[in-house]
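# Per-entry structural report
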Amino acid sequence: MMDIQKIMVIGAGQMGSGIAQVCAAAGFDVFLHDLKEEFVNRGMSSIDKQLQKQVEKDRITLQEKDAILERITPSVDLTHAGSVDIVIEAAVEKMDVKASLFHELDKLAQEHAILATNTSSLPITEIAAATKRPEKVIGMHFMNPVPVMKLVEIIRGLATSDEVYEAIHDLTKKLAKVPVEVNDFPGFVSNRILMPMINEAIYTVYEGVATPEAVDEVMKLGMNHPMGPLTLADFIGLDTCLYIMETLHEGFGDDKYRPCPLLRKYVKAGWLGRKTGKGFYSY
């Protein structure tokens, strides 16, 4: 069995810093890496805030908080990849960025090291093709917010070995998460089902069937969803929703994945949801 001790997380944004926090809380030593120090510092301070909330709720002690933070080392030097057993990449959702990053990591990482990606929709097989170790490339799709959500979709690429899959399955359990095995198709399971639902909710608004509030009420009260699909879309970011719908549309070549024109219109207008203060709702 592959023994994972040291972890490097690439990308100190919301997902990356959440992944680093969860790894450190499970007792692993972690490098949190990004291109610039200011990005890493922002990630570190958001982890600090998250942990402070847990201290205030009596979930962890102040000592435990300090111990978790001590296990995270800020990094702006990619060569740190040479000293870890696994790299978990949570950089931007762009194929060219991920491919060139994995090409670099393949050169820097030790022979036994696993290269994992937190992509929400891009093909693992294609990312793996940028390396000389496709059998050691795998998808680890965490859900947002990472410290709270239990699911990790584990996505095997075409070449991913059983040994690497087992190691990631085992690691996921050590992180107190629930691993679910998925094969490498556009959108995996989560986004293949969720995004068309969100897109259909947008169509009902676009066609004047109902207001965003009404659509969300129906899904919350009628289907027992904790959050309506349009509130959720605003939370995820309408630009991200559009990007994933386009990935599905392109990947399957099926019209049922066609992004709603209203979604395109909002994104062009810069109404991206909660992060810009306006989407289907105003914030």
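- As annotated in an unreviewed UniProt entry, the chain is 3-hydroxybutyryl-CoA dehydrogenase from Metabacillus sediminilitoris.
- You can read under Pathway (unreviewed entry) in the UniProt record for the chain the words "Lipid metabolism; butanoate metabolism."
- Regarding the chain, the UniProt comment filed under Sequence similarities (unreviewed entry) reads as follows: "Belongs to the 3-hydroxyacyl-CoA dehydrogenase family."

## So, the side chain of Lys136
- Structurally, Lys136 can be placed in the loop between helix H5 (124-128) and strand S6 (137-142).
- Here Glu135 takes part through its side chain, which lies 3.5 Å from a polar atom of the side chain of Lys136.
- In this structure, Lys136 is in contact with Met2, Glu111, His112, Ala113, Ile114, Leu115 and Val164, ignoring residues within four places of it in sequence.

## Concerning the environment of Gln14
- Examined against the element boundaries, Gln14 turns out to sit in helix H1 (residues 14-25).
- Since its relative accessible area comes to 56%, Gln14 is described here as exposed.
- Considering only alpha carbons, one finds Gln14 and Met227, 213 residues apart in sequence, at a separation of 20 Å.
- A polar contact of 3.4 Å, which involves the side chain of Gln14, links it to the side chain of Asn144.

## A short note on the UniProt feature "domain: 3-hydroxyacyl-CoA dehydrogenase NAD binding" (unreviewed entry) in the chain
- Here the UniProt feature "domain: 3-hydroxyacyl-CoA dehydrogenase NAD binding" (unreviewed entry) sits at residues 6-184.
- A distance of 26 Å separates the end C-alpha atoms of residues 6-184, which is 41% helix and 22% strand.

## As for the packing of aromatic side chains
- Summed over the entire model, instances satisfying the criterion amount to four aromatic pairs.
- Judged by centre distance (6.1 Å) and plane angle (70°), the rings of Tyr203 and Tyr206 are edge-to-face. Residue Tyr203 and its partner Tyr206 are both found in helix H7 (residues 190-206); the two are separated by three residues, about one turn of the helix.
- An aromatic cluster of three or more residues is present, and its members are Tyr266, Trp271 and Phe280.

## What about the pairing of strand S8 (residues 178-183)?
- The pairing of strand S7 (residues 151-156) with S8 spans six bridges and is classified as parallel. Counterpart to Ile155 in the pairing with S8 is Val182.
- In this fold, the crossover linking S7 to S8 by way of helix H6 (residues 162-174) has right-handed handedness.

## Re the domain arrangement of the chain
- Per the domain assignment, the segments of the chain are domain 1 (6-183) and domain 2 (190-276).
- Spacing between the C-alpha centres of domain 1 and domain 2 amounts to 27 Å.
- In total, about 570 Å² of surface goes out of reach between domain 1 and domain 2, with carbon and sulfur atoms giving 53% of it.
- At the boundary of domain 1 and domain 2, one finds three residue pairs in polar contact (both at pLDDT 80 or more).
- For the side of domain 1 that touches domain 2, a count of residues per class yields three nonpolar, four polar and three charged.

## Notes on H1
- Under the 1.5 Å per step criterion, the end-to-end length of H1 is 16 Å for twelve residues, consistent within 8% with the ideal 16 Å.
- Residues of H1 that are buried: Met15, Gly16, Ser17, Gly18, Ile19, Ala20, Gln21, Val22, Cys23 and Ala24.

## Description of the UniProt feature "binding site: NAD(+)" (unreviewed entry) in the chain
- Under the present numbering, the feature "binding site: NAD(+)" (unreviewed entry) in UniProt falls on Gly11, Ala12, Gly13, Gln14, Met15, Gly16, Asp34, Glu93, Lys98, Ser120, Asn144 and Lys275. These annotated residues cover 265 residues of sequence, and their C-alpha atoms sit far apart, with the largest distance between any two at 24.0 Å.
- Along the chain, Ala12 turns up in the loop between strand S1 (6-10) and H1.
- For Ala12, the residues in contact, after removing those within four places along its chain, are Ser17, Leu32, His33, Asp34, Phe39, Val40 and Gly43.

## Quick word on the pattern of salt bridges
- Enumeration over the complete set of coordinates arrives at 13 salt bridges.
- Where Lys98 meets Glu93, a salt bridge forms, and the shortest distance between an N and an O atom there is 3.5 Å.
- Residue Lys107 is joined to Glu104 by a salt bridge in which the shortest nitrogen-to-oxygen separation is 3.5 Å. With Lys107 and Glu104 both in helix H4 (residues 95-108) and three residues apart, this pair spans about one turn of that helix.
- In this structure, a network of salt bridges that share partners links the residues Glu89, Glu93 and Lys98.

What counts and what doesn't
Residues numbered from 1 in each chain as written. Predicted model: local features only at pLDDT ≥ 70, side-chain atom pairs only at ≥ 80, totals over all residues. Heavy atoms only, no water. UniProt positions renumbered as here; feature names shortened; annotations may be inferred. Helix = DSSP H or I, 4+ residues; strand = E, 2+ residues; numbered from the N terminus. Polar contact = N/O pair within 3.5 Å; in protein donor to acceptor, adjacent residues only side chain to side chain. Contact = heavy atoms within 4.5 Å. Buried < 20%, exposed > 50% of the residue type's maximum accessible area, 1.4 Å probe, protein only. Phe/Tyr/Trp six-rings, centres within 6.5 Å; stacked < 30°, edge-to-face > 60°. Pairing = 2+ DSSP bridges. Right-handed = clockwise from strand over helix to strand, strands pointing away. Domains from an automatic or database assignment. Buried area = accessible area lost by both parts, 1.4 Å probe. Nonpolar A, V, L, I, M, F, W, Y, C, P; charged D, E, K, R; others polar. Expected span 1.5 Å × (residues − 1). Salt bridge = Lys/Arg side-chain N within 4 Å of Asp/Glu carboxyl O.

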